[in-house]
Amino acid sequence: MLGFGYDTGIGIEKDASKAFQRYQYACQQKLARGCSNLGRLHLTGAGTPKNEALGAEFYQRACDEGAAIACSNYGGLLRNGLSIAKDESKALQLFEQSCNGGFAPACSFAGVMFQDGTGIMKNEPKAISLYKRGCELGDGASCTNSGLMAFNGTGTEKNIAQAASSYQSGCS
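Rules behind the numbers
- Residues numbered from 1 in each chain as written.
- Predicted model: local features only at pLDDT ≥ 70, side-chain atom pairs only at ≥ 80, totals over all residues.
- Heavy atoms only, no water.
- Salt bridge = Lys/Arg side-chain N within 4 Å of Asp/Glu carboxyl O.
- Buried < 20%, exposed > 50% of the residue type's maximum accessible area, 1.4 Å probe, protein only.
- Disulfide = S-S within 2.5 Å.

Here the focus is the pattern of salt bridges. Counted by the stated rule, this structure contains five salt bridges. Salt-bridge contacts for K50 lead to E52; the nearest nitrogen and oxygen are separated by 3.7 Å. Among the residues examined, K50 registers a relative accessible area of 55% and is labelled exposed. As a salt-bridge pair, E88 and K86 come within 3.8 Å of each other at their nearest N and O atoms. The exposure class of E88 is partly exposed, given its relative accessible area of 21%. A residue is classified by how much of its surface remains accessible, and K86, at 55% relative accessible area, is exposed.

What follows covers the state of the cysteines. In the structure shown here, the tally under the stated rule is four disulfides. Paired by a disulfide, C63 and C71 hold their sulfur atoms 2.1 Å apart. Measuring the twist about the S-S bond at about 95°, one finds the C63-C71 disulfide to be right-handed. On the accessibility criterion, C71 (2% relative accessible area) is buried. Between C135 and C143 runs a disulfide, and the two sulfur atoms are separated by 2.1 Å. Disulfide C135 to C143: torsion about the S-S bond roughly 100°, handedness right-handed. A relative accessible area of 1% places C143 in the buried class. Of all cysteine sulfurs in the structure, the one in C143 sits closest to C171, which takes part in no disulfide; the separation is 8.6 Å. Under the relative-accessibility criterion, C171 is labelled exposed at 67%.

Right, here's the structure in full:
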C-alpha cells in the first residue's frame, strides 16, 4: 500500500522512485499487484529508466500470479505488438483469462476480437457472451457493444428491448 501512496500521492508525497522501490519489494514477495504496477512503471519510465520489454515481463509475471488486470495489460501489448512480438492468439487467451478473473474491460477487448475476427475466426455469438459478461461486471463499453449487437441483430436476433436494457446498464 505504501507503493500506491508514493505512486499516486494519496496520503503521502508523490515520489515515483520510492513507488518503484516499494513495488519492486512487493513483486519480490510474489505479490501480483506489485509486479503489475512495476510493469507499468517500467513501461512509462516513472521512477526508473523506461524499459518496455521489462515492463512486459512484469505484466506477464503478475498475470502468472493471478492479477487479472495484468493479464489484460499484457494481452494489450501482445495484441498490438508493443514492446514484444505481436501475438493476437495469445492476447485473446489473456483477455479471456482476465475477463474470467473479473476484470470487466478485458471482456470487451476479447469480444471485439471475436466480433471482428481479429487474428481468429469471427464468432459473433461468443462476442455477445463476452460483452454480456463484461456488462454484468460493470463495463460500460461491454454494455454498449452488447446493445449494438442486439439492436442491429448482429450474431443474434434483432432485439430492441434487449438493446435498451444493455444501454441502460452501461449508464448505471
